[in-house]
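# A closer look at the structure
Here is what each chain is made of, one letter per residue.
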Amino acid sequence: MQQRWIGLDSEAARGRVEPAINRKAKKEMETVQKRIRHLQARDFSCENEAQGALAQELKKLKLLRVGNQGVSPIKRYATKGKPGPKTPVKRVDWKCKVEIEIDPDLVENAISMGACFVLGTNVDPNDFGAKEVLDTYKAQSSLEQGFRFIQGQTFLADSLFLKKPAPIEALLTVMCLS
């Protein structure tokens, strides 16, 4: 049996997904800013270690983009106070610097992905287009509600013992019309 997959975009789903994705982006921004603040407060012993820690942190970004980033050396002197021109350098530490912001393109992409759904069918594309398949799919719920009524407790077919098909058909007709 040949399968057909139709990708559809829903404006109603977009309306539901958009506030959720925007909240998710703001929450990610807050948590990443906190982690980056801690990262920027750390001293690293070498440039590669600082760049590795920065790259590790930036790998986790989903809805954010990086503005300016880099590492800078911080000289630590052997004496306290303002160093003179001949004061020896005790060691050089490295600090990370990075700016992040919410990426509108990634947010829009996430909203579009959340508003899409795939409808699978085995109907021939020559018989029905995507719009007709969607309309048929939407109409399916009203048909299923009718069957739910027949299977429910309010439909007393279990308590009636009809043996011939004609009275059963008549009873179904009366129940469906009411």
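Our subject in this report is the structure included herewith. (Residues numbered from 1 in each chain as written. Predicted model: local features only at pLDDT ≥ 70, side-chain atom pairs only at ≥ 80, totals over all residues. Heavy atoms only, no water.)

## Description of the overall build of the chain
Scanning the chain from N- to C-terminus turns up 5 helices and 4 strands. When its helices and strands are written in sequence order, the chain yields β-α-α-β-β-α-β-α-α. Looking at the 178 residues of the chain, the share that counts as buried comes to 24%. Residue pairs in contact within the chain that sit at least 24 positions apart in sequence constitute 72% of those at least 6 positions apart. Carbon and sulfur atoms make up 56% of the accessible area of the chain, which amounts to about 13500 Å² in all. (Helix = DSSP H or I, 4+ residues; strand = E, 2+ residues; numbered from the N terminus. Buried < 20%, exposed > 50% of the residue type's maximum accessible area, 1.4 Å probe, protein only. Contact = heavy atoms within 4.5 Å. Areas by Shrake-Rupley, 256 points an atom, 1.4 Å probe, with all protein chains shown as cover.)

## As for the pattern of salt bridges
Applying the stated rule across the entire model yields 10 salt bridges. Between arginine 65 and glutamate 101 there is a salt bridge, and its shortest N-O distance comes to 2.7 Å. Taken together, the residues arginine 65 in strand S2 (residues 64-77) and glutamate 101 in strand S3 (residues 89-102) connect sequence positions 36 residues apart. Looking at glutamate 101, the relative accessible area reads 36%, which means it is partly exposed. A salt bridge links arginine 76 to aspartate 93; the nearest nitrogen and oxygen atoms lie 3.2 Å apart. Here the residue arginine 76 occupies a position in strand S2, and aspartate 93 occupies one in strand S3, the gap between them amounting to 17 residues. Classification of aspartate 93 as buried rests on a relative accessible area of 5%. A cluster of three or more residues bridged by salt bridges with shared partners is formed by Asp43, Arg76, Arg91, Asp93 and Lys95. (Salt bridge = Lys/Arg side-chain N within 4 Å of Asp/Glu carboxyl O.)

## Thoughts on the environment of asparagine 109
By the secondary structure assignment, asparagine 109 is in helix H3 (residues 104-115). Classification of asparagine 109 as partly exposed rests on a relative accessible area of 45%. Along the sequence, asparagine 109 and leucine 63 sit 46 residues apart, while their C-alpha atoms lie 9.4 Å from each other.

## Here we look at the pairing of strand S1 (residues 4-9)
The two faces of S1 differ: Arg4, Ile6 and Leu8 on one face are buried, but Trp5, Gly7 and Asp9 on the other face are not. Two elements, S1 and strand S4 (residues 116-121), share 6 bridges in a ladder whose sense is antiparallel. Within S4, the position partnered with isoleucine 6 by the bridge is leucine 119. (Pairing = 2+ DSSP bridges.)

## Examining the packing of helix H1 (residues 11-41) against H3
Two elements in contact, H1 and H3, have axes separated by 9 Å at closest approach and are oriented at 140°. With respect to their mutual orientation, H1 and H3 come out oblique. By crossing handedness, the relation of H1 to H3 is classed as right-handed. Contact residues: Ala13, Arg14, Val17, Glu18, Ile21, Asn22 and Ala25 in H1; Val107, Glu108, Ala110, Ile111, Ser112, Gly114 and Ala115 in H3. Partitioned by chemical class, the residues of the contact of H1 with H3 number 8 nonpolar, 3 polar and 3 charged. (Axes fitted to C-alpha atoms, helices over the stretch in contact; angles between N-to-C directions. Parallel < 35°, antiparallel > 145°, perpendicular 65-115°, else oblique. Left-handed = near helix turned anticlockwise from the far one by under 90°. Nonpolar A, V, L, I, M, F, W, Y, C, P; charged D, E, K, R; others polar.)

## Comments concerning the environment of cysteine 116
When you line up the elements, cysteine 116 lands in strand S4. Classification of cysteine 116 by relative accessible area gives partly exposed; the value is 41%. Considered as a pair, cysteine 116 and glutamate 11 are 105 residues apart in the sequence and their alpha carbons are 9.1 Å apart. Contact partners of cysteine 116, with chain neighbours within four places excluded, come to Leu8 and Asp9.

## Quick word on the packing of H1 against helix H2 (residues 47-58)
With their axes 11 Å apart at the nearest point, H1 and H2 run at an angle of 180° to one another. Between H1 and H2, the interaxial angle falls into the category roughly antiparallel. When H1 is examined against H2, the residues Arg35, Ile36 and Leu39 are found in contact with a partner set consisting of Ala53, Leu54 and Glu57. Split by residue class, the contact of H1 with H2 holds 4 nonpolar, no polar and 2 charged.

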